[in-house]
Amino acid sequence: MRYVLLFLLTAISLNAQNEIPFKDEVKEIQEKVNTTWDSEKPTIVFTGSSSVRMWEDLQERFPSKQILNTGFGGSQSVDLERFLDELILNYDPKQVFIYEGDNDISSKRKPKAIEGTIHDIVEELQRRSPEMEIVLISAKPSISRWHLKRKYKRLNKKLSKLAAEMKNVRYADVWSIMLNKRKLKTHLFIEDGLHMNRQGYDLWYAVLKDYIN
């Protein structure tokens, strides 16, 4: 009986290890996006963690463009790297906006390690689609993670430098516009203190509209 139990526990453990994080969520995103995507129209993809996923009126903000939102909540940069085909490359976008690093910092990943993953993502996208333009959206400040602001600022400096050193890559700063001098504009957030309300997305739009191709 003891050996049977050990076998079952081992099998469960191996199965858990083989389960790919966000696999089901990414599949749902694909199914949803595929119902509206027109492969004959130029495509712009916004992807990354929940700040992108929760931007519900993204397409309405840019009515003359075909915008696909493939954001997946809770993701880190390593998760996006795993699903580059499913979330970006399968749609052959002319331009992609990436928001990752927020959850990485909260999960205690170091800015240098995050930069390395983002660099690998950009390199792979450019290898597969050399003409694609990539916009790296800076990490945003928030109420719930304000105590980590120094790490976020270090990450943003690294992302800005990375974009400056690579062809067809730009850096969009949404950090600064969400501050009043050095103080956070707290009215931009919903109750959880992390995600933005419409006023927050208004500021993002004010910055990102100038980057849209």
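Scroll up a little and you will see the structure.
Residues numbered from 1 in each chain as written. Predicted model: local features only at pLDDT ≥ 70, side-chain atom pairs only at ≥ 80, totals over all residues. Heavy atoms only, no water.

A. Spotlight on helix α9 (residues 149-165). Over its 17 residues, α9 extends 24 Å from the first C-alpha to the last, a length consistent with the 24 Å expected when each residue adds 1.5 Å. Every buried residue of α9 is listed here: Y152, L155, N156, L159, L162 and A163. Seen end-on, α9 carries its buried residues on one side only, within an arc spanning 125°. Residues of α9 that are exposed and point more than 90 degrees away from the buried face comprise R150, K157, K161, A164 and E165. Elements in contact with the buried residues of α9: α7 (102-106), α8 (111-128), β4 (133-137) and β5 (169-172). (Helix = DSSP H or I, 4+ residues; strand = E, 2+ residues; numbered from the N terminus. Expected span 1.5 Å × (residues − 1). Buried < 20%, exposed > 50% of the residue type's maximum accessible area, 1.4 Å probe, protein only. Arc of directions from axis to C-beta. Contact = heavy atoms within 4.5 Å.)

B. Quick look at the packing of aromatic side chains. In this structure the tally under the stated criterion is 13 aromatic pairs. When the centroid spacing of 6.0 Å and the interplanar angle of 80° are considered together, the rings of F46 and W55 count as edge-to-face. By relative accessible area, F46 is classed as buried at 0%. With a centroid separation of 4.3 Å and an interplanar angle of 0°, the aromatic rings of F46 and F97 are classed as stacked. On the criterion of sequence distance, the pair formed by F46 in strand β1 (residues 43-48) and F97 in strand β3 (residues 95-99) is long-range, its members being 51 residues apart. Judged by its relative accessible area of 0%, F97 is buried. Following the ring pairs from residue to residue traces out a cluster consisting of F46, W55, F62, F97, Y99, Y201, W204 and Y205. (Phe/Tyr/Trp six-rings, centres within 6.5 Å; stacked < 30°, edge-to-face > 60°.)

C. Highlighting the side chain of D104. Along the chain, D104 falls in helix α7. Its relative accessible area of 0% is what places D104 among the buried residues. Separated by 3.3 Å, the side chain of D104 and the backbone nitrogen of G101 make a polar contact. Those residues in contact with D104 that sit more than four places away from it in its chain are Q76, S77, R109 and I114. (Polar contact = N/O pair within 3.5 Å; in protein donor to acceptor, adjacent residues only side chain to side chain.)

D. Molecular detail of the sheet that holds β4. Strand order in the open sheet formed by 5 strands is β2-β1-β3-β4-β5, and the pairing between neighbours is parallel. What marks the edges here is a single partner per strand, and that holds for β2 (66-69) and β5. Neighbour to neighbour, the strand axes of the sheet diverge by 20° on average, direction disregarded. Alignment of β4 against β5, held across 4 bridges, turns out to be parallel. Bridging from a neighbouring strand, I137 pairs with A172 of β5. Strands in contact with α9 are β4 and β5; relative to β5, the strand with the most contacts, it is inclined by about 150°. (Pairing = 2+ DSSP bridges. Axes fitted to C-alpha atoms, helices over the stretch in contact; angles between N-to-C directions.)

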